[in-house]
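# Commentary on secondary and tertiary structure
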Amino acid sequence: MPTNSQQQFHAFYEGWIQRKQTLLDELLTLSNAPDSQHKHTALIESVISHYQQYFEHKTRLQNDDVLLLFSPTWLSTYERALLWMGDYKPSLILRLADTALQDLTADQIRAIERVRAETRTGERELSAAMAAFQESVASPRVLQRARRVGRLLDGEIDELDESMGGMRNAVGELFQRADELRVATVSKVVAVLSPPQTVRFLAAALGFQLRVRRWGLERDQSR
């Protein structure tokens, strides 16, 4: 049975996806139009604001029950298979930039490579932290206590509740750090690019996410 938090986020997400399609159409139109600094800047700000709304709603859901982010019910099976710590891997952003941008200067290429190295380092650190967390959850002491849930004494129940709360907080902090790495990666890439390049980059990112969603929903419906 979906929780209120799930239902609220699901409703937000459906509207957010529809708005994303509108933004993609605007990005594609502008990318084929004559250069206009004002139009580029305004649309880029709209797209960034759109994603800020997503992360704000996601953070609220995470604070209610971070475990929902391990298998989000608002995503298709295919989308869930691509998740890394609750969302797409930050390095995917850089692969999309590689595909969308063929006119980078030598200085821009070097800057992007620095961002790539920093992002990969951040991903490795978070993956290692998540592996350590999962290992701690699977420790004999925790598993033994979980198996005895129906036979625990009051003091042991309190201790188990405290332990579970600590685990939720720990994984919540890891997911928050992963989102911060995603935001930082996009911000660093955008800082390197010109407004027209940023429009093409964002169009590639939104287009990829919408295609994945469409394919995922079609596959789920065909089963």
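As recorded in an unreviewed UniProt entry, the chain goes by the name DOG1 domain-containing protein, listed as coming from Arachis hypogaea.

### Quick notes on the overall build of the chain
Looking only at helices and strands, one finds 8 helices and 0 strands in the chain. From first element to last, N terminus to C terminus, the chain shows the α and β order α-α-α-α-α-α-α-α. Relative to its full complement of 223 residues, the chain shows a buried share of 40%.

### With respect to the nonpolar core
With 50 residues, the main nonpolar core has Tyr-13, Leu-27, Met-85 and Phe-201 as its most contacted residues. Counting residues per element, the ones that place at least two in this core are helix H1 (4-31), helix H2 (37-65), helix H4 (90-100), helix H5 (106-137), helix H7 (154-192) and helix H8 (195-222). The residues touching Phe-201, leaving out its near neighbours within four places in the chain, are Ile-93, Ala-97, Ala-100, Leu-101, Val-186, Val-189, Val-190 and Leu-193.

### A closer look at the layout of surface pockets
Looking at the largest pocket, its volume works out to about 660 Å³. Surrounding the largest pocket, 37 residues form its lining, Tyr-51, Phe-55, Ile-93, Val-186 and Gln-209 being those nearest its centre. Looking at the lining of the largest pocket, the elements that each hand over two or more residues are H1, H2, H4, H7 and H8. Residue contributions to the lining of the largest pocket peak at 8 residues, all from H8.

### Description of H4
The element H4 is extensively covered by neighbouring structure, given that 8 of its 11 residues are classed as buried. Among the residues making up H4, those that are buried are Pro-90, Ser-91, Leu-92, Ile-93, Leu-94, Leu-96, Ala-97 and Ala-100.

### Thoughts on the packing of aromatic side chains
The full count for this structure, using the stated rule, is 11 aromatic pairs. Residues Phe-9 and Trp-74 carry aromatic rings whose centres are separated by 4.5 Å and whose planes lie at 55° to one another, so their mutual orientation is tilted. A residue pair is termed long-range when its members are at least 10 positions apart, and Phe-9 in helix H1 and Trp-74 in the loop between H2 and helix H3 (77-81) qualify at 65 residues. The pair Phe-9 / Trp-74 is uniform in exposure class, with both members buried.

### Quick notes on the packing of H1 against H8
The interhelical angle for the contact between H1 and H8, taken along N-to-C directions, is 140°, at an axis separation of 9 Å. With respect to their mutual orientation, H1 and H8 come out oblique. As H1 packs across H8, the resulting crossing turns out to be left-handed. Contacts from Tyr-13, Glu-14, Ile-17, Lys-20, Gln-21, Leu-23, Leu-24, Leu-27, Leu-28, Leu-30 and Ser-31 of H1 reach H8 at Val-199, Arg-200, Leu-202, Ala-203, Leu-206, Gly-207, Gln-209, Leu-210 and Arg-213. Looking at side-chain class alone, the contact of H1 with H8 contains 12 nonpolar, 4 polar and 4 charged residues.

### As for the environment of Val-115
Counting through the fold element by element, Val-115 comes out in helix H5. Overall, Val-115 belongs to the buried group, its relative accessible area being 5%. Between the C-alpha atoms of Val-115 and Ala-184, which are 69 residues apart in sequence, the distance is 9.3 Å. Dropping the residues within four chain positions of it, Val-115 is found in contact with Leu-94, Thr-185, Lys-188 and Val-189.

### Quick notes on the side chain of Thr-185
Note on placement: Thr-185 falls in helix H7. On the basis of relative accessible area, Thr-185 is assigned to the buried category, the value being 1%.

### Quick word on the environment of Thr-119
Relative to the helices and strands, Thr-119 resides in helix H5. For Thr-119, a relative accessible area of 2% translates into the label buried. Sequence separation between Thr-119 and Ile-93 is 26 residues; the distance between their C-alpha atoms is 9.9 Å. With residues up to four places along the chain from it excluded, the contact list for Thr-119 reads Pro-90, Ser-91, Leu-94, Leu-181 and Thr-185. Here Thr-185 takes part through its side chain, which lies 3.1 Å from a polar atom of the side chain of Thr-119.

Calculation criteria
Residues numbered from 1 in each chain as written. Predicted model: local features only at pLDDT ≥ 70, side-chain atom pairs only at ≥ 80, totals over all residues. Heavy atoms only, no water. Helix = DSSP H or I, 4+ residues; strand = E, 2+ residues; numbered from the N terminus. Buried < 20%, exposed > 50% of the residue type's maximum accessible area, 1.4 Å probe, protein only. Core = buried A, V, L, I, M, F, W, Y, C linked by side-chain atoms within 4.5 Å. Contact = heavy atoms within 4.5 Å. 1 Å grid on protein atoms, 1.4 Å probe; cavity = no way out; pocket = protein on both sides within 12 Å on 5 of 7 lines; lining within 4 Å. Points joined across faces, edges and corners; volume = space filled by probe spheres on them. Phe/Tyr/Trp six-rings, centres within 6.5 Å; stacked < 30°, edge-to-face > 60°. Axes fitted to C-alpha atoms, helices over the stretch in contact; angles between N-to-C directions. Parallel < 35°, antiparallel > 145°, perpendicular 65-115°, else oblique. Left-handed = near helix turned anticlockwise from the far one by under 90°. Nonpolar A, V, L, I, M, F, W, Y, C, P; charged D, E, K, R; others polar. Polar contact = N/O pair within 3.5 Å; in protein donor to acceptor, adjacent residues only side chain to side chain.

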